[in-house]
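# Architecture at a glance
As a plain string of letters, each chain reads:
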Amino acid sequence: MSFTVAIDGPAAAGKGTIARAVAAHFGFAHLDTGLLYRAVGRRVLAGEVPVDAAQELAPGDLANPDALRSAAIADAASRVAVIPEVRAALVDFQRAFAARTGGAVLDGRDIGTVICPEAAVKLFVTASAEVRALRRLNELRAAGHDTDFETVLADVRLRDARDAERAIAPMIAAERAVILDTSKMSIAEAVAAAIAVVEARGGAPRGD
Ligand code: CDP
Ligand code: CDP
């Protein structure tokens, strides 16, 4: 039987961290759907294809997620993500993942609204732009990127606006989504809150 947990929200809110932990706790599979858009964005950025042919690349090469974590690729991802054909090319893969037997957690921007409107659990994970920018700054610095708080904050705000204002599959909390503001939460607190929501919706650890 399938059991889908949909996690949406803005950049660096903690979606991926929560999704990974929830998946590990319940024994579900996890898909970071942002990587699909980042993979397409990387190839457009590298000049491998023009942006209007980006859909031909989907679902993209996910061999090395770490190489997809830069700010430039995040920006390119959000530019290709406004193209209807790119989004359409990625739908089947995501829906098939969501429907897999044994439970699945998907995180992104449109999981609870477009990819999986029937998800058993919908979470919209958010935090203030400043908190998110600081988290992302720490991550980028740890990965060796030379950047500063103001630059990261501006990037986060620009990308949030592009994601929230696009015509197709905009980032918005789905109906029935539980909003989780992690601004003042530790990772452990945010993960515990998410697990409690999943349990309240009937999620149980998978018995192998
Ligand atoms: O997936 P998303 O972009 O929403 O965020 P993430 O990659 O899960 O989290 C971004 C960064 O914030 C990571 O380095 C997390 O360790 C950190 N984080 C945090 O400090 N406190 C939280 N409550 C959640 C995440
Ligand atoms: O980790 P972070 O939250 O910063 O970004 P991400 O989840 O890797 O997503 C990168 C970009 O891909 C987003 O800014 C969106 O433009 C796009 N995206 C999307 O449109 N729909 C999704 N389901 C996931 C990502």
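Residues numbered from 1 in each chain as written. Chains lettered and ligands numbered in written order. Predicted model: local features only at pLDDT ≥ 70, side-chain atom pairs only at ≥ 80, totals over all residues. Heavy atoms only, no water.

### A few points about the nonpolar core
If you look at the biggest cluster of nonpolar residues, it comprises 21 residues, and the most contacted ones within it are V5, I7, I18, V22, F28, V105 and V198. Of all the secondary-structure elements, those providing two or more residues to this core are β1 (4-8), α1 (15-26), β4 (121-126) and α8 (187-200). Apart from residues no more than four positions distant in its own chain, V22 is found in contact with V105, A194, I195 and V198. Of all hydrophobic cores here, the second largest spans 12 residues; its members include A6, F97, I115 and A119. (Core = buried A, V, L, I, M, F, W, Y, C linked by side-chain atoms within 4.5 Å. Buried < 20%, exposed > 50% of the residue type's maximum accessible area, 1.4 Å probe, protein only. Helix = DSSP H or I, 4+ residues; strand = E, 2+ residues; numbered from the N terminus. Contact = heavy atoms within 4.5 Å.)

### Some details on the UniProt feature "binding site: ATP" (unreviewed entry) in the chain
Mapped onto this numbering, the UniProt entry annotates "binding site: ATP" (unreviewed entry) at G9, P10, A11, A12, A13, G14, K15, G16 and T17. With respect to the helices, strands and loops of the structure, G14 is situated in the loop between β1 and α1. Here G16 shows up in helix α1. For G16, the contacting residues outside a window of four places in its chain are H30 and D107. (UniProt positions renumbered as here; feature names shortened; annotations may be inferred.)

### Let's talk about α8
With 14 residues, α8 extends 20 Å from end C-alpha to end C-alpha; this agrees with the ideal 20 Å at 1.5 Å per step. Among all positions of α8, only A190, V191, A194, I195, V197 and V198 are buried. In a view along the axis of α8, the buried residues occupy a sector of 160°, so they form one face of it. Seen from the open side of α8, the exposed residues pointing more than 90 degrees away from its buried face are A188 and A200. At its buried positions, α8 is contacted by β1, α1, β4 and β5 (178-181). Immediately downstream of α8, the backbone of G202 shows phi near 95°, a positive value. (Expected span 1.5 Å × (residues − 1). Arc of directions from axis to C-beta.)

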